[in-house]
Amino acid sequence: MTIQSLGVGSGLALDDLVQQLLAAERTPKEERLNAKEERIEAEISGLGQIKSKLSDFKDAVDELRSDNAINGREPTITNPSEDNDVLSADASNSALRGTYEVVVSQLAAGSRITTDDGAFTSSSDSVLSSGTGSLTFDVGGSESFTVDITAGMTLTQLREKINKAEDNFGVTANIIDTGTSAGPRLVFSSSETGDGNDLVITNDTGAAELDRLSTTGGTNNISAANIESARNAIATIDGIEVQSSSNEFENTIQNVSFEVNEVSPKDAAGDFLATKLNIGYDKEGLDKKIRDFVDNYNALIDEIGTLTRYGESELEEDGALAGDSLIRSIQTGLASIVGDSVSASALGGLFQIGIEFNDEGRLEIGTTDYGLGTGEDRLEDAMEDNFDEIASLFTDSDEGIATRLYDFAKEYTSYSGLISLRERAVKDDRDELYDERETLELRMASYESMLRDKYLNLDQTVAQLNQTGSALLASL
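Where an unreviewed UniProt entry is consulted, the chain appears under the name Flagellar hook-associated protein 2, with the organism given as Alteromonas confluentis. Of the comments in the UniProt record for the chain, the one headed Subunit (unreviewed entry) reads "Homopentamer." The record held by UniProt for the chain lists under Function (unreviewed entry) the comment "Required for morphogenesis and for the elongation of the flagellar filament by facilitating polymerization of the flagellin monomers at the tip of growing filament. Forms a capping structure, which prevents flagellin subunits (transported through the central channel of the flagellum) from leaking out without polymerization at the distal end."

When helices and strands are counted, the chain shows 9 helices and 17 strands. For 476 residues, the compact-globule formula gives about 23 Å, and the C-alpha radius of gyration of the chain, at 44 Å, lies well above that figure. The principal-axis extent of the C-alpha atoms belonging to the chain is close to 150 × 80 × 35 Å. Counting all 476 residues of the chain, 38% fall into the buried class. The long-range fraction of contacts in the chain, counting pairs at least 24 apart against all pairs at least 6 apart in sequence, stands at 68%. Accessible surface, the chain: about 24900 Å² in total, of which carbon and sulfur atoms supply 45%. Each charge class in the chain can be summarised by its mean position, and for the 38 positive and 89 negative side chains these summaries are 7 Å apart.

With that out of the way, let us pick up the domain arrangement of the chain. For the chain, the domain assignment lists domain 1 (9-72 + 283-465), domain 2 (73-108 + 232-281) and domain 3 (110-228). The distance between the C-alpha centroids of domain 1 and domain 2 comes to 53 Å. The contact between domain 1 and domain 2 buries some 580 Å² in all, and 38% of this surface belongs to carbon and sulfur atoms. The shortest N-O distance in the salt bridge between arginine 73 and aspartate 388 comes to 3.3 Å. Between the two partners, domain 1 and domain 2, sit 2 residue pairs in polar contact (both at pLDDT 80 or more). Grouping the constituent residues of the side of domain 1 that touches domain 2 by class yields 2 nonpolar, 3 polar and 4 charged.

Turning our attention to the sheet that holds strand E14 (residues 256-260). Pairing is antiparallel in the open sheet, where 3 strands are placed in the order E2-E14-E13. Since the sheet does not close on itself, it has two edges, and those belong to strand E2 (87-91) and strand E13 (248-253), each with one partner. Pairs of neighbouring strands in the sheet enclose a mean axial angle of 25°, with direction left out of account.

Relative to strand E6 (residues 143-150), strand E5 (residues 132-139) runs antiparallel, the two sharing 8 bridges. Residue pairing for E6: threonine 132 is matched across the bridge by threonine 150. Connecting E5 to the antiparallel partner E6 that follows it, the hairpin turn spans 3 residues, and glycine 140 within it adopts a positive phi of roughly 60°.

Looking at the secondary structure, you find valine 103 in strand E3 (residues 98-106). The buried category is assigned to valine 103, whose relative accessible area is 13%. Along the backbone, valine 103 and glycine 183 are 80 residues apart, and their C-alpha atoms lie at a distance of 40 Å. Each residue touching valine 103, except ones within four places of it in the same chain, is listed here: Ile234, Ala235, Thr236, Ser264, Phe272, Leu273 and Ala274.

Turning our attention to the packing of helix H5 (residues 325-339) against helix H8 (residues 401-413). Running from N to C, H5 and H8 cross one another at 165°; their axes reach a closest spacing of 10 Å. Here H5 is positioned roughly antiparallel relative to H8, judged by the angle of their axes. Crossing of H5 over H8 shows right-handed handedness. Of the residues in H8, those touching H5 at Leu326, Ser329, Ile330, Gly333, Leu334, Ile337 and Val338 are Ile401, Arg404, Leu405, Phe408 and Tyr412.

Conventions and cut-offs
- Per chain, the residues get numbers from 1 upward, laid out in the order the sequence is written.
- Totals for whole chains, interfaces and linings use every residue, but because this is a predicted model, local features are given only for residues with pLDDT of at least 70 and side-chain atom pairs only at 80 or more, for both listing and counting.
- To get the side-chain values, all heavy atoms of the structure are used, and hydrogens and water are removed first.
- UniProt positions are given in the numbering used here, feature names are shortened, and annotations may be inferred rather than shown by experiment.
- Secondary structure elements follow DSSP: runs of H or I no shorter than four residues count as helices, runs of E no shorter than two count as strands, and numbering proceeds from the N terminus.
- In this description the radius of gyration comes from C-alpha coordinates, and the expected globular size is given by 2.2 Å times residues to the power 0.38.
- Three labels apply to residues, based on accessible area from a 1.4 Å probe with only protein chains included: buried if under 20% of the type maximum, exposed if over 50%, partly exposed otherwise in between.
- Working rule for contacts: check all heavy atoms of both residues, and any pair within 4.5 Å makes them a contact.
- Reported accessibility uses the Shrake-Rupley method at a 1.4 Å probe radius. Residues are deemed covered only where the shown protein chains occlude them.
- Residues counted as positive are Lys and Arg, residues counted as negative are Asp and Glu, and His and the chain ends are not counted.
- We put the charge of a Lys on NZ, of an Arg on CZ, of an Asp on CG and of a Glu on CD.
- For every domain, the bounds stem from an assignment made automatically or drawn from a database.
- What counts as buried area is the accessible surface, traced by a 1.4 Å probe, that two parts surrender upon association, with contributions from both included.
- We define a salt bridge as a side-chain nitrogen of Lys or Arg found within 4 Å of a carboxyl oxygen belonging to Asp or Glu.
- Polar contact is defined as a pair of N or O atoms within 3.5 Å, subject to the rule that within protein one atom must be able to donate a hydrogen and the other to accept it, and that residues adjacent in sequence are counted only when both atoms are side-chain atoms.
- Under the convention adopted here, Pro, Cys and the residues Ala, Val, Leu, Ile, Met, Phe, Trp and Tyr are nonpolar, Asp, Glu, Lys and Arg are charged, and Gly plus all remaining residues are polar.
- Strand pairing requires that DSSP identify at least two bridges connecting the strands.
- Comment: axis = line fitted to C-alpha atoms, over the contacting stretch for helices; angle = value between 0 and 180 degrees taken between N-to-C directions.
- An angle counts as roughly parallel when it lies under 35 degrees, as roughly antiparallel when it exceeds 145, as roughly perpendicular when it falls between 65 and 115, and as oblique in every other case.
- By the definition used in this description, the sense in which the near helix is turned from the far one sets the handedness, with an anticlockwise turn below a right angle giving left-handed and a clockwise turn giving right-handed.

Right, here's the structure in full:
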């Protein structure tokens, strides 16, 4: 007799009875497992959330651990007019504050060589009527390349061969068609700037026709009037002349570099007008970093609060990690570091730059005047009078707040950190739960088999009794 036929013989609802007995046995155990699974999944999710938020916070304070990130200098450039773009500048964190007047009288340039008037009548002229030759382009004896020339090569073809030479170090050839009796002129420009980096074009074979394309190696080379030497950039800083082989001046002003973009304009009398270069503290950048720090800290504290809160009524659910001691210890540890004093900085602590705790345990730039000014006042004063000390407050290798917060967050978020260890332990609990579910299913299958065997016998016994009773009635 099959499971589906249970009760057919006796007419009793034995199959329903079996299902009810199974449900009575399964339900409390399954509800317990479901509740346990819900709690484990919520814990895994909550730990993942706090670990992610703490990792984001760790990355944020990592930027504050370095002087380069927090102790910046800000160059401010004031040109004679808005139409000018005389120079741009950068300053390292060790640059001293100061204002300088800069005049650019000459930009750096490479050599420029132009073939003489009438050297060619057309860009299709042959540069060598017969035989072979070569031209070597050299700068300062350190850079050179050679172009081979064959009979019939045109001026245009030579230009292309020079520009496409594999070992060309920065020589560009162009043809300018004058449209006059001067004919087309081939112009060689070198990218190697600075005094002494003059381009030299040598007629290697001495072929007379190649003299008109070279500066040396023949008897009738390009005239000196058509050769412009490479030159330095020249500027004056507070009246002191400085030079650079390129348009970049590195460390001319200590720990400051600037690049000149154009020659300074002149006034009506023909005198150069100076550009003002001011090296000051990057107050705006530091102000933003401090406020971002406050926001990042508060975002982490808010996440902790959400995960660990208790519902205020039966209708409001508890947080996934309500009352969790590990998460509470994170909050306590963060607050302890942020509120601690830093002897390495003359400022002493975050309160001196306007940062304080509110009643909810969040940070804020305070609005209350405790006799030292509001938080905004203290922050402004610190940036004006103790700019470098703000960096020490965050970056000191032993006591710096950003340094300690980074190490604290790393202790919890690394692979071997406390949160990661807790995650692995909870996932082990989840694996055990899966084993419990499998055990329950096996037990319920065995229990169902036992019940069906039991009630199958009852069904058959009742069926036989019914048949016997029917036979007796029939005989009467």
